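This is what each chain is made of:
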Amino acid sequence: MNVQEYILSGVVESYVLGLASTEERAEFERMCAAHSELRAAREAFELIVENQLLKQAIAPPAHIKSKIFADIDVENDQRQGKKLISLKQTPVLQTGWLRYVAAAAVILLVGSTILNFYFFSQYKVYINKYTELIASQNQMASVNQALQTKVLDYESTLNMIKDPAMAIVRMPSVPTSPSLGSETTVYWNTSSKDVYLLVNSLPKPASGKQYQLWAIVDGKPVDAGVFDIKDGVSLQKMKNIPQAQAFAITLEQKGGSATPTPEAMYVLGKVTG
Amino acid sequence: MGIPATYTEPELVSALRERNEQAYGYLYDNYSGALYSIVLQIVQNTELANDILQEVFVNIWRKIESYDPSRGRLFTWMLNITRNASIDTLRSKAYQNSQKNQGLPENVNITSQVTHTNIDNIGLSKILAKLKPEQRVLIELAYFKGYTHEEIAQIEDIPLGTVKTRIRNALLQLREYMQ
């Protein structure tokens, strides 16, 4: 294809109006560089389009021009600013309300950043306080629960003692007791025959030893169970004893013995009534 | 620097490169109307057209360094910036969504929709009206709607090569009418 044919193929119009493909554009620019007549043809069509569009121009609303100039004023200021900084000169003060808007925006931004930091530090302080509160609240709850358990324990003990069917057997120390001044009390429910033991005072047994409660039934000792010395005031439930004339406590091997060791008897109490 | 009433194109370009606001004012006063008519014809919405024109002129100011005189006249460069910005808006998701209630055009009625726009007596309409309907549709789709040749081939259901030839012929015809 010679240049004339190329010119008349419509490629000029297609290129100028932006409808040519990337390859077509590249080829056209190559051809333009080589052929002045192609450049002339391009320019001729460009002028046709330009004149046509100028003829049919529609004036845009007036406010658009001022908007555009406000935009480019800002850009100009920025450009100028960059240039001046690069030359290390004092920036020249420029007029224009946008400068004040920009300054106000910067001040607002800085202010907002400071406030953010302030609120964040406050937030951290309160988060710590809150965590402390939660911890102390949890502690109080657990103390409260322990107290409640204790109170319930005492309450059930008291209820038991208050029962009119409850016989109380005081058990002072026998003269041969290894520990004079020892004392225990048996609460014996005469209707259910349940036996509860309260240790008023007994020395702590040596390791490997355990106290054993005996019910004396018709002169014979009956095992009523072994027990440990516990802290606090609480009744320990022993074995159920249908009938007894007295109760005694001896110190035996751990786990208890089948028959009591007489010389190891600490306390003895007779059932009255 | 004196205040020329008019500029030759190289004078104008070099003044613009110096960011001369007076030259820029001259550019706006002389060419905004021509470019605005194209924007209006593409987006057919005054508010949108105003925004696009503003964006276009700010971009011309910003990108004047990228104008290469060896590739064509300043006006041609500005016209292509204008057309691209308008078509980008037209084909952007946001704009398409705002038009959604009108329904997406089917292949068939794109043609009728396109011929419809010619009622508007703006821009190149009068000249386009002189074209044969089948040529007018191609120019509308390619130039004013921004469809690629491939897309047009699909829409109109004609081979790609035929699309290219027909568009070129339509452009040559258009040139005749503009002269």
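Everything in this summary refers to the structure shown in the same document. (Residues numbered from 1 in each chain as written. Chains lettered and ligands numbered in written order. Predicted model: local features only at pLDDT ≥ 70, side-chain atom pairs only at ≥ 80, totals over all residues.)

Some points on the packing of helix α9 (residues 149-156) of chain B against helix α10 (residues 160-178) of chain B
Residues and elements named next belong to chain B. The condition that has to hold: To get an axis, a line is fitted to the C-alpha atoms, and for a helix only the part in contact is used. The angle between two axes follows their N-to-C directions and goes from 0 to 180 degrees. Starting at the N terminus, helices and strands are each numbered in turn, a helix being any DSSP run of H or I of at least four residues and a strand any DSSP run of E of at least two. In what follows, roughly perpendicular refers to angles from 65 to 115 degrees, roughly parallel to angles under 35, roughly antiparallel to angles over 145, and oblique to any angle outside these ranges. Two residues qualify as being in contact provided that their C-beta atoms, derived from the backbone, are within 7 Å of each other.
Following both chains from N to C, one finds α9 and α10 inclined at 105°, their axes separated by 9 Å at the closest point. In terms of orientation, α9 lies roughly perpendicular with respect to α10. Across from His149, Glu150, Ile152 and Ala153 in α9, the residues of α10 making contact are Leu160, Val163 and Lys164.

Here's the deal with the sheet that holds strand β4 (residues 209-217) of chain A
Residue and element names in this part refer to chain A. Counted only if it meets this: At least two DSSP bridges between two strands are needed for those strands to be called paired.
If you trace the four strands from one edge of the open sheet to the other, you get β5-β4-β7-β8, paired in antiparallel fashion. Both outer strands of the open sheet, β5 (220-227) and β8 (265-270), are each paired with one neighbouring strand and no more. Across the sheet, the mean angle from the axis of one strand to that of its neighbour is 25°, orientation sign disregarded. Pairing of strand β7 (residues 246-253) with β8, which is carried by five bridges, proceeds in the antiparallel orientation. The partner of Ile249 across the bridge, within β8, is Val267.

Concerning the packing of helix α2 (residues 21-43) of chain B against helix α4 (residues 74-91) of chain B
Residue and element names in this part refer to chain B. Put simply, the rule is: By convention, the crossing between two helices is left-handed when the near helix turns anticlockwise from the far helix through less than a right angle, and right-handed when the turn is clockwise. When residues are grouped by polarity, Ala, Val, Leu, Ile, Met, Phe, Trp, Tyr, Cys and Pro land in nonpolar, Asp, Glu, Lys and Arg in charged, and all others, Gly among them, in polar.
The interhelical angle for the contact between α2 and α4, taken along N-to-C directions, is 30°, at an axis separation of 9 Å. When the axis of α2 is compared with that of α4, the two are roughly parallel. In this structure, α2 crosses over α4, and the sense of that crossing is right-handed. Note on element contacts: α4 touches α2 through Phe75, Met78, Leu79, Thr82, Arg83, Ser86, Ile87, Thr89 and Leu90, opposite Tyr31, Leu35, Ile38, Val39, Ile42 and Val43. Looking at the contact of α2 with α4, its residues break down into 11 nonpolar, three polar and one charged.

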